[in-house]
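Listed below are the residues making up each chain.
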Amino acid sequence: MGYGSISPSNAQSLAADSLSLGNLKMEAGKNSPAAIKETAKQFESLFMRELMKSMREATMKSGLLDSPGGDLGTDLLDQQFAVQMSGQPGGLSDIIALQLTRQMAGTTKDGAADAAGQTTTPPTTTKSSKTATVHAPTSAIGKTSRAPTESQSHFVQQHSQVANDVEKATGIPASFMLGQAGHETGWGKFEIKHKGGASSHNLFGIKAGPGWTGKVAEVTTTEFVDGVATKKLAKFRAYDSYADAFKDYARMITESPRYAKAKAQSGSAQSFASGLQKAGYATDPDYAAKLSRAINTTLQIRRAQA
């Protein structure tokens, strides 16, 4: 193809047009998958163009046919090649797009995210008379690796009203409870069920100890004994509704001396999660880190739904 036939589109011109590239970066900032993909492609084309330019400069020239016009034509051709080679499946643009997506997922709507990847306390918001105040901790450690899934968003929306009501009554942040319920059940995918398949409505993995007189669901669970994952048959509490599960969980956290320190640290997701782990809520040695990430995901979802 001759140089005279080069007629780059708006997307192609981005490889050399910093203003157009800046506009595309602004579109990517809106967290649009299409814009992020196109931005990644253009970054790759810029990289490829500079790479070819460096290779040509490192090549000795004879000087016989060299001219400013020839250099310009070569540069235009390199630009076209760079655009055509960019955006291939499995290429550099896929890696750039993934990184951009992760960065967008860890940034709040108003762009507030600190250098450590921690989310800060969002403003108190009320959506309507049916939605209680969205209470958030002073900090939530652990940035999510990707944007919340549809099932996670649905789970949070499904149980938000009950969590809000329990928060009003007990002071335990709704986002903490929703995040823990999401973590314990795989965001509703792995609820504890009775043998016949009916739900136990147990969202928090609370076992049925000697003092429990209510319904029971007996299932095989994974526990860590001396750091080793072990399968065990255990009895768990069963409820008539999810609302009962939230209320029983809150009652246990607020009334049991075992979890008094965790309850007192409800201003921080990390401290609350660490407090639960230290009190023996779960045997998983990484429980606090996992719970913190789940709470972080919940905070992100609730901001979007508010």
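These numbers come from a predicted model, not from an experiment.

Calculation notes
Residues numbered from 1 in each chain as written. Predicted model: local features only at pLDDT ≥ 70, side-chain atom pairs only at ≥ 80, totals over all residues. Heavy atoms only, no water. Helix = DSSP H or I, 4+ residues; strand = E, 2+ residues; numbered from the N terminus. Axes fitted to C-alpha atoms, helices over the stretch in contact; angles between N-to-C directions. Parallel < 35°, antiparallel > 145°, perpendicular 65-115°, else oblique. Left-handed = near helix turned anticlockwise from the far one by under 90°. Contact = heavy atoms within 4.5 Å. Nonpolar A, V, L, I, M, F, W, Y, C, P; charged D, E, K, R; others polar. Patch = residues over 30% accessible without salt bridge, like charges linked within 9 Å, V, L, I, M, F, W, Y side chains within 5 Å. Areas by Shrake-Rupley, 256 points an atom, 1.4 Å probe, with all protein chains shown as cover. Salt bridge = Lys/Arg side-chain N within 4 Å of Asp/Glu carboxyl O. Expected span 1.5 Å × (residues − 1). Buried < 20%, exposed > 50% of the residue type's maximum accessible area, 1.4 Å probe, protein only.

Novice: I'd love a proper account of unusual backbone geometry, names of residues and values included.
Specialist: Positive phi outside glycine occurs at W187, with the angle close to 55°. Along the polypeptide, W187 turns up in the loop between helix 7 (174–185) and strand 3 (215–225). If you check the backbone angles, H201 has positive phi at about 60° while not being a glycine. If you trace the backbone, H201 turns up in the loop between helix 7 and strand 3.

Novice: Describe the packing of helix 7 against helix 11 (residues 287–305), and please don't skip the residues or the numbers.
Specialist: Packing of helix 7 against helix 11 brings their axes to within 8 Å, and their N-to-C directions diverge by 120°. Between helix 7 and helix 11, the interaxial angle falls into the category oblique. Handedness of the crossing formed by helix 7 with helix 11: right-handed. Packed against helix 7, whose contacting residues are A174, S175, F176, L178, G179, Q180, H183 and E184, the element helix 11 presents Y287, K290, L291, A294, I295, T298, L299 and R302 at the interface. Each residue belonging to the contact of helix 7 with helix 11 can be placed in one class, and the counts come to 8 nonpolar, 5 polar and 3 charged.

Novice: Talk me through the environment of F190; I want residue IDs and the actual numbers.
Specialist: Relative to the elements of secondary structure, F190 occurs in the loop between helix 7 and strand 3. Between the C-alpha atom of F190 and that of L203, which follows or precedes it by 13 residues, the distance is 9.4 Å.

Novice: Hey, could you go over a nonpolar patch on the surface for me, with residue numbers and the actual values?
Specialist: A surface patch of nonpolar side chains, about 360 Å² in accessible area, is lined by F47, L51, L92 and I95. Secondary structure elements with two or more residues in the nonpolar patch: helix 3 (33–58) and helix 5 (92–105). On the secondary structure map, L51 appears in helix 3.

Novice: So what about helix 7? Which residues, and what values?
Specialist: In an α-helix there are 3.6 residues to a turn, and that puts residues three or four apart on one side. With 12 residues, helix 7 extends 17 Å from end C-alpha to end C-alpha; this agrees with the ideal 16 Å at 1.5 Å per step. In terms of burial, helix 7 is a largely internal element, 10 of the 12 residues being buried. The complete set of buried residues in helix 7 reads A174, S175, F176, M177, L178, G179, Q180, A181, G182 and T185. On its buried face, helix 7 sits against helix 6 (150–170), helix 8 (242–255), helix 10 (269–278) and helix 11. After helix 7 finishes, the residue G186 shows a positive phi value of roughly 65°.

Novice: Could you give an account of the pattern of salt bridges, with specific residues and numbers?
Specialist: Think of it this way: side chains of opposite charge can pair up when their charged atoms draw near. A full pass over the atoms with the stated rule returns 5 salt bridges. Residues D240 and K215 are paired through a salt bridge, measuring 2.6 Å at the closest nitrogen-oxygen approach. Highlighted residues: D240 in the loop between strand 4 (228–238) and helix 8 and K215 in strand 3, separated in sequence by 25 residues. Put simply, R237, D248 and R251 are held in one network by salt bridges that share partners.

Novice: Run through the packing of helix 6 against helix 7, naming residues and quoting values.
Specialist: Put simply, helix 6 and helix 7 touch, their axes get as near as 8 Å, and they point 135° apart. Put simply, helix 6 runs oblique to helix 7. As for how helix 6 packs across helix 7, the hand of that crossing is right-handed. Contacts between helix 6 and helix 7 involve F155, V156, H159, S160, A163, N164, V166 and E167 from the first element and A174, M177, L178, A181, G182 and T185 from the second. In terms of residue class, the contact of helix 6 with helix 7 is made up of 8 nonpolar, 5 polar and 1 charged.

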